[in-house]
Amino acid sequence: MSGGWQLNLDRAVFLDEYWQRKPLLIKNNAEGFTPALDSDHLAGLAMDDEIESRLIEQEGSNWQVHHGPFCAEDFEREHPWTVLVQAVDHYVPAVAELQRLFDFIPRWRMDDVMVSYAVDGGSAGPHYDNYDVFLMQGEGQRLWRIGQHCDSTSPLLPHDEMRILEHFDTSAEYLLDPGDILYVPPGVAHWGIARGECTTFSIGFRAPAISDMITRWTDQLLLQMDVEQFYRDAARTPASLPGELHPTDVRHAVAQLRAALDQTVGNQWFGELVTEPRYDVEIDEDEVAAAQALLRAGARSVALSPAAKLAWQQGEEGLTVFANGESLPCARSALPTLLLLCDRRSLAGDILDKALSDLDTAELLERLLQYGCIYVE
Ligand code: SIN
Ligand code: CO
């Protein structure tokens, strides 16, 4: 991406008609468009042993997947192949900037940006994802096929790792040029085949599984509920068959369970769940202490760590900040600083001085250092 290039999208119409519902081709003006990363740089990332990458090679209906790190010889293959690198936004600021294009959807919904390179005919295969994704064409061209709606019952080819669909019913085909974007909602089959060499940037979203939401909700409820509450069956009618577990008794149990679940639990469970980082954040206590000391002594700037997951919520009693899966209550006076951090991703000079002059904000910044959400310079 570069100066002057703009996303050709009516955000309101998109959210009304397409988001989570229908695929959409967003044809953008290639003029002024430069991919956020070139394929040589991407190949370098795929060779890094700290970065997650995989290579998919296709020989007819035989799909092979190899895991990185790769070396130059891995990129010389007989059959069409593609290499996919995860969380490139953590390493390349220009790739992280792509997420800004979609800031009309809150950041907590966003996942990391995956980037792929493919040789002619290379493909990750016909598949569906459980998440929304914007597939932005970088270099070259790719033919995208859109297929049927899928779910966990859709037949897959037998494979230990890959989820390649056994059937693919093409309903639309789009040839993407540099800068074009294809939006694909969850559950919609898609299959992108490189036309010549090409790169694709997948700006993916995440959504918590309902099963995880139930676990986290009940965990929080259990922490605050009175454990001295028990099943009650006052006013029961006489049992005619003493061995029977009567459906009415089960109905009572479910009704009492529902009543217990209706107790107000705070909102922490949700914020903590959706800000959980994809990769473990390694915290070095000594480094944190040194950074906190630097902050107190007058750091030049603080910036959001590229992998940070940060969100906030305003409630009656003040703010709750969610940072890399942790929640912390915070005074309202920290809000301007949070807004700036989430928007500009860094604070410096007078703005930082002003933020630090408020004790609650200074304390928040120290906690964010502790959770690996920000770093100081
Ligand atoms: C790709 O970049 O080839 C695959 C992206 C996707 O289908 O999710
Ligand atoms: Co996909």
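Per chain, residue numbering runs from 1 following the sequence as it is written. As a convention, the first chain written is A and the first ligand written is 1, with the rest following in written order. With pLDDT at 70 or above as the cut-off, local features in this predicted model cover only qualifying residues; side-chain atom pairs require 80 or more to be listed or tallied, and sums for whole chains, interfaces and linings still use all residues. Hydrogen atoms and water are omitted, and side-chain values are computed over all heavy atoms in the structure.

## Some thoughts on the sheet that holds strand 10 (residues 188–195)
To keep it simple, the criterion reads: Strand pairing is defined by DSSP finding a minimum of two bridges between the two strands. In DSSP terms, a helix is any run of H or I states spanning at least four residues, a strand is any run of E spanning at least two, and both are numbered starting from the N terminus. Think of each axis as a best-fit line through the C-alpha atoms, taken over the contacting stretch in the case of a helix, with angles from 0 to 180 degrees between the N-to-C directions.
Spatial ordering of the open sheet is given by 8-7-10, a layout of 3 strands whose pairing is antiparallel. This sheet does not close on itself; its edge strands, each paired only once, are strand 8 (172–176) and strand 10. Each strand axis lies, on average, 20 degrees off the axis of its neighbour in the sheet, ignoring direction.

## Section: the domain arrangement of the protein chain
Quick reminder of the rule: Boundaries of every domain are those given by an automatic assignment or by a domain database. Note on definitions: a residue-residue contact is assigned when non-hydrogen atoms from the two residues lie within 4.5 Å. Defined here as a combined quantity, buried area equals the accessible surface (1.4 Å probe) lost by two parts on assembly, summed across both. Basic side-chain nitrogens of Lys or Arg form a salt bridge, by our definition, when they fall within 4 Å of a carboxyl oxygen of Asp or Glu. Nitrogen and oxygen atoms within 3.5 Å of one another constitute a polar contact, given that in protein one can donate a hydrogen and the other can accept it, and given that sequence-neighbouring residues count only through two side-chain atoms.
Here the protein chain is described as being made up of domain 1 (11–205) and domain 2 (275–376). A C-alpha centroid distance of 32 Å is found between domain 1 and domain 2. Each partner contributes residues to the interface: domain 1 has 10 residues there, and domain 2 has 8 residues. Of all residues in domain 1, His90, Arg100 and Asp112 give up the largest surface area on contact with domain 2, accounting jointly for 44% of the area buried on that side. Linking domain 1 with domain 2 are 4 salt bridges, by the criterion used here. Put simply, domain 1 and domain 2 have 5 residue pairs in polar contact (both at pLDDT 80 or more) between them.

## Digging into the pattern of salt bridges
So the rule is basically this: A simple rule labels every residue: compare its accessible area, found with a 1.4 Å probe on the protein chains alone, to the largest value its type can have, and call it buried under 20%, exposed over 50%, or partly exposed in between.
Applying the stated rule across the entire model yields 15 salt bridges. Residues Glu97 and Arg100 are paired through a salt bridge, measuring 3.4 Å at the closest nitrogen-oxygen approach. A salt bridge links Arg278 to Asp111, with the nearest nitrogen and oxygen atoms 3.4 Å apart. Of this pair, Arg278 sits in the loop between helix 6 (268–274) and helix 7 (285–298) while Asp111 sits in strand 5 (residues 110–118); the two residues are 167 residues apart in sequence, bridging distant segments of the chain. Judged by relative accessible area, which is 35%, Arg278 ranks as partly exposed.

## With respect to unusual backbone geometry
The omega angle of the peptide bond from Gly68 to Pro69 is 5 degrees, so this bond is cis rather than trans. As for its position among the elements, Pro69 is in the loop between strand 3 (62–67) and strand 4 (81–85). If you check the backbone angles, Gln20 has positive phi at about 70 degrees while not being a glycine. Here Gln20 shows up in the loop between helix 1 (11–18) and strand 1 (24–26). Although it is not a glycine, Ala87 adopts a positive phi angle of roughly 50 degrees.

## Re the site of ligand 1
Counted only if it meets this: One heavy atom within 4 Å of a molecule or strand is enough for the residue carrying it to be called near that molecule or strand. Here the Shrake-Rupley method, with its probe set to 1.4 Å, supplies the accessible areas, and only the displayed protein chains count as covering residues. In the scheme used here, Gly and all other residues not listed as nonpolar or charged are polar, with Ala, Val, Leu, Ile, Met, Phe, Trp, Tyr, Cys and Pro taken as nonpolar and Asp, Glu, Lys and Arg as charged.
Leu84, Met114, Ser116, His127, Asp129, Leu135, Arg142, Trp144, His190, Thr200 and Ser202 make up every residue found near ligand 1. Within the side chain of Ser116, an N or O atom sits 2.7 Å from an oxygen atom of ligand 1. In the model, an oxygen atom of ligand 1 is placed 3.1 Å from a nitrogen or oxygen of the His127 side chain. Across the complex, the protein chains shield 93% of the 260 Å² of accessible surface that ligand 1 would expose by itself. Every element with two or more residues in the shell around ligand 1 is listed here: strand 5, strand 7 (141–149) and strand 11 (198–205). For the shell around ligand 1, the class distribution of residues is 4 nonpolar, 5 polar and 2 charged.

## Comments concerning the coordination of the cobalt ion (ligand 2)
The condition that has to hold: Metal donors were taken as nitrogen, oxygen and sulfur atoms no farther than 2.8 Å from the ion, or 3.2 Å where the ion is Na, K or Ca. Water is excluded, so coordination may look unfinished.
Around the cobalt ion (ligand 2), the donor atoms from the protein are His127 (NE2), Asp129 (OD) and His190 (NE2), and they sit 2.1 Å away. Mapped onto the sequence, the residues coordinating the cobalt ion (ligand 2) show the spacing H-x1-D-x60-H. Here Asp129 is found in the loop between strand 5 and strand 6 (133–137), whereas its partner His190 is found in strand 10, with 61 residues between them in sequence. We classify Asp129 as partly exposed; its relative accessible area is 25%. On the accessibility criterion, His190 (2% relative accessible area) is buried.

## Quick look at the packing of helix 8 (residues 335–344) against helix 10 (residues 359–370)
Applied cut-off: Angular relationships are summarised with four words: roughly parallel below 35 degrees, roughly antiparallel beyond 145, roughly perpendicular across 65 to 115, and oblique for the angles in between. Left-handed describes a crossing whose near helix is turned anticlockwise from the far helix by less than a right angle; the clockwise case is right-handed.
Closest axis-to-axis distance for the helix 8/helix 10 pair is 9 Å, and the angle between their directions is 40 degrees. Taken together, the axes of helix 8 and helix 10 lie oblique to each other. Regarding helix 8 and helix 10, the two cross each other, and that crossing is right-handed. Facing Thr337, Leu338 and Leu341 of helix 8, the residues of helix 10 in contact are Thr361, Leu364, Leu365 and Leu368. Tallied by class, residues from the contact of helix 8 with helix 10 come to 5 nonpolar, 2 polar and no charged.

## Structural notes on helix 8
Which entries qualify depends on this criterion: Think of it as the arc spanned by the lines of direction from the helix axis to the C-beta atoms.
Of the positions making up helix 8, those classed as buried are Leu335, Thr337, Leu338 and Leu341. The buried side chains of helix 8 occupy one side of the element, clustering within an arc of 160 degrees when seen end-on. Following helix 8 by one or two positions, Arg345 adopts a phi angle in the positive range, close to 70 degrees.

## Concerning the sheet that holds strand 16 (residues 346–348)
Here we have 3 strands laid out as an open sheet, ordered 16-12-17, and antiparallel in their pairing. The open sheet is flanked by strand 16 and strand 17 (374–376), the only strands paired with a single partner. Between one strand and the next, the sheet's axes are offset by a mean angle of 15 degrees, whatever the strand orientation. Pairing geometry for strand 12 (residues 301–304) and strand 17, over 3 bridges, is antiparallel. Looking at strand 17, one finds that Val302 is bridged to Val376. Across the sheet, helix 10 is in contact with strand 16 and strand 17; its angle to strand 17 comes to roughly 105 degrees.

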